[in-house]
Amino acid sequence: MKRKKPFVFWLYILLWITIVPMTFFHLARLNWLSTGMCLLTLFFMTLPFSLETRYKLTIPRGFLTVLILFLYASIFLGTANRFYSVFWWWDKMLHGASGFIFAHMGFLLLMFLDPRQKQDSIMSRILAALFSFSFSLAAGGVWEIYEYTMDCTFGTLYQGIGIHDTMGDIILDALGALLFALLLYFQGNRRFQSIHRQSSRHQPQSPPH
C-alpha cells in the first residue's frame, strides 16, 4: 500500500507554486535582489529534504513544517516582497520565532551528533538546553551579520536605527531560545523519546519534484 504524502510535502508544493511566478515577475522587472531572494527561498526550502536523503536522517515533520513557513515568511515575503517595510512588526515577530526555531534546530543537531542524549537524565537535559540556547544565539548573531551585509551592499534598511534595532532583535532571539530551552528541560523524557520514535518510524524523504 502506497504511503500517504505528509502534510509538509503538500505545503512545500503549495509554497513553491506561489514563489515561482513571483520569481519571473521580479526578473521581468530587473529586480535582481528580489529575484535572488526568491531563488534563495527555493534553495533553503529544498535543503532539508536533500539532507534527509543524503545523510539518512529524519527531521521531525512538525519542525520541518514550521521551518519551511519561517523561510517563506522571512526570505520570500520579508525580503523579496518587502514585508519588512510594509509591516513594522514583521521583523520583530520573525526574530522572536527564529530564537525558538533555531534552538529546536540546535537540539536536533545535538541528537544527530550524539544519539546517547536520547537517554534521559538531568545532566542530558541541562546539556541539551544549554546547547540549544547557545546554538540559537549564535545563529541570531550570524543573522545580524547577514542583515548588516545586506544593508551595506544593497542599501537596505534591515537594521533600522542601528544598535537599538540590533539589540532588540538579539533580545527577542534570546527570549525565543530561552523559551525552548525551558520547555526542553521541563519536558524532559517526553521530548527525547519523541525524537527517538520519529527517527525510528520515518524513512528519509526524497526532495519533492
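Higher on the page you've got the structure.
Residues numbered from 1 in each chain as written. Predicted model: local features only at pLDDT ≥ 70, side-chain atom pairs only at ≥ 80, totals over all residues. Heavy atoms only, no water.

### Notes on the pattern of salt bridges
Opposite charge on two side chains makes pairing possible when the charged atoms of those side chains draw close.
Move 1: The full count for this structure, using the stated rule, is two salt bridges.
Move 2: A salt bridge links Glu 52 to Arg 61; its shortest N-O distance comes to 2.2 Å. By the burial criterion, Glu 52 is buried, and Arg 61 matches it.
Move 3: The residue Lys 92 makes a salt bridge to Asp 169 at a minimum N-O spacing of 3.0 Å. With a gap of 77 residues between them, Lys 92 in helix 5 (residues 90-113) and Asp 169 in helix 7 (residues 163-187) connect regions that are remote in the sequence.
Move 4: Residue classification places Lys 92 among the partly exposed residues on the basis of a relative accessible area of 28%.
Move 5: Using a relative accessible area of 0% as the deciding quantity, one classes Asp 169 as buried. (Salt bridge = Lys/Arg side-chain N within 4 Å of Asp/Glu carboxyl O. Buried < 20%, exposed > 50% of the residue type's maximum accessible area, 1.4 Å probe, protein only. Helix = DSSP H or I, 4+ residues; strand = E, 2+ residues; numbered from the N terminus.)

### Considerations on the side chain of Ser 132
Move 1: Of note, Ser 132 is situated in helix 6 (residues 122-154).
Move 2: A polar side-chain atom of Ser 132 sits 3.4 Å from the main-chain carbonyl oxygen of Ala 103.
Move 3: When sequence neighbours within four positions are dropped, the list of residues in contact with Ser 132 reads Ala 103, Gly 106, Phe 107, Phe 180 and Leu 184. (Polar contact = N/O pair within 3.5 Å; in protein donor to acceptor, adjacent residues only side chain to side chain. Contact = heavy atoms within 4.5 Å.)

### Describing helix 6
Move 1: Compared with the 48 Å implied by 1.5 Å per residue over 33 residues, the 48 Å span of helix 6 between its first and last C-alpha is a close match.
Move 2: Along helix 6, the residues classified as buried are Ser 124, Arg 125, Ala 128, Ala 129, Ser 132, Ser 136, Ala 139, Gly 140, Glu 144, Glu 147, Met 150 and Asp 151.
Move 3: Phi for Gly 155, located one or two positions after helix 6, is positive at around 75°. (Expected span 1.5 Å × (residues − 1).)

### Some details on the nonpolar core
Move 1: Ile 19, Met 45, Ile 68, Phe 76 and Phe 107 are the most contacted members of the largest nonpolar core, which totals 39 residues.
Move 2: Listed by contribution, the elements that provide at least two residues to this core are helix 1 (7-28), helix 2 (32-55), helix 3 (61-80), helix 5, helix 6 and helix 7.
Move 3: Here this core gets twelve residues from one element, more than from any other, and that element is helix 3.
Move 4: Discounting chain neighbours no more than four positions away, the residues touching Met 45 are Tyr 12, Leu 15, Ile 19, Ile 68 and Leu 71. (Core = buried A, V, L, I, M, F, W, Y, C linked by side-chain atoms within 4.5 Å.)

### Considerations on a nonpolar patch on the surface
Move 1: Taken together, the side chains of Leu 51, Tyr 55, Leu 109, Phe 112 and Leu 113 present a nonpolar region at the surface, about 470 Å² in accessible area.
Move 2: Those elements that place two or more of their residues in the nonpolar patch are helix 2 and helix 5.
Move 3: Broken down by element, the residue count for the nonpolar patch peaks at three residues, all from helix 5.
Move 4: Tracing the chain through its elements places Tyr 55 in helix 2. (Patch = residues over 30% accessible without salt bridge, like charges linked within 9 Å, V, L, I, M, F, W, Y side chains within 5 Å. Areas by Shrake-Rupley, 256 points an atom, 1.4 Å probe, with all protein chains shown as cover.)

### Brief notes about the packing of aromatic side chains
Move 1: This structure, assessed with the given rule, holds 16 aromatic pairs.
Move 2: Between the aromatic rings of Phe 100 and Phe 180, the centroid separation amounts to 5.3 Å while the plane-to-plane angle is 90°, which identifies the pairing as edge-to-face. Linking Phe 100 in helix 5 with Phe 180 in helix 7, this pair joins segments that are 80 residues apart in sequence.
Move 3: A centroid spacing of 6.3 Å and a plane angle of 25° characterise the contact between Phe 131 and Phe 135, whose relative ring orientation is stacked. Residue Phe 131 and its partner Phe 135 are both found in helix 6; the two are separated by four residues, about one turn of the helix.
Move 4: Taken together, the aromatic side chains of Phe 83, Phe 87, Trp 89 and Trp 90 make up a single cluster linked through ring pairs. (Phe/Tyr/Trp six-rings, centres within 6.5 Å; stacked < 30°, edge-to-face > 60°.)

### Some details on the packing of helix 1 against helix 2
Move 1: Taken N-terminus to C-terminus, the directions of helix 1 and helix 2 make an angle of 160°; their axes are 9 Å apart at the nearest point. Taken together, the axes of helix 1 and helix 2 lie roughly antiparallel to each other. Crossing angle aside, the handedness with which helix 1 passes helix 2 is left-handed. Contacts from Val 8, Tyr 12, Leu 15, Trp 16, Ile 19, Val 20, Met 22, Thr 23, His 26 and Leu 27 in helix 1 reach Trp 32, Ser 34, Thr 35, Cys 38, Leu 39, Thr 41, Leu 42, Met 45, Thr 46 and Phe 49 in helix 2. (Axes fitted to C-alpha atoms, helices over the stretch in contact; angles between N-to-C directions. Parallel < 35°, antiparallel > 145°, perpendicular 65-115°, else oblique. Left-handed = near helix turned anticlockwise from the far one by under 90°.)

### Notes on the packing of helix 5 against helix 7
Move 1: For the pair helix 5 and helix 7, the least separation of the axes is 7 Å and the interaxial angle reads 40°. One element, helix 5, and the other, helix 7, form an angle in the oblique class. Taken as a pair, helix 5 and helix 7 cross one another with a handedness that is right-handed. On the side of helix 5, the interface is formed by Asp 91, Lys 92, His 95, Gly 96, Ser 98, Gly 99, Phe 100, Ala 103, His 104 and Phe 107, while helix 7 contributes Asp 165, Asp 169, Leu 172, Asp 173, Gly 176, Ala 177, Leu 179, Phe 180, Leu 183 and Leu 184.
Move 2: Among the residues forming the contact of helix 5 with helix 7, the class breakdown is nine nonpolar, six polar and five charged. (Nonpolar A, V, L, I, M, F, W, Y, C, P; charged D, E, K, R; others polar.)

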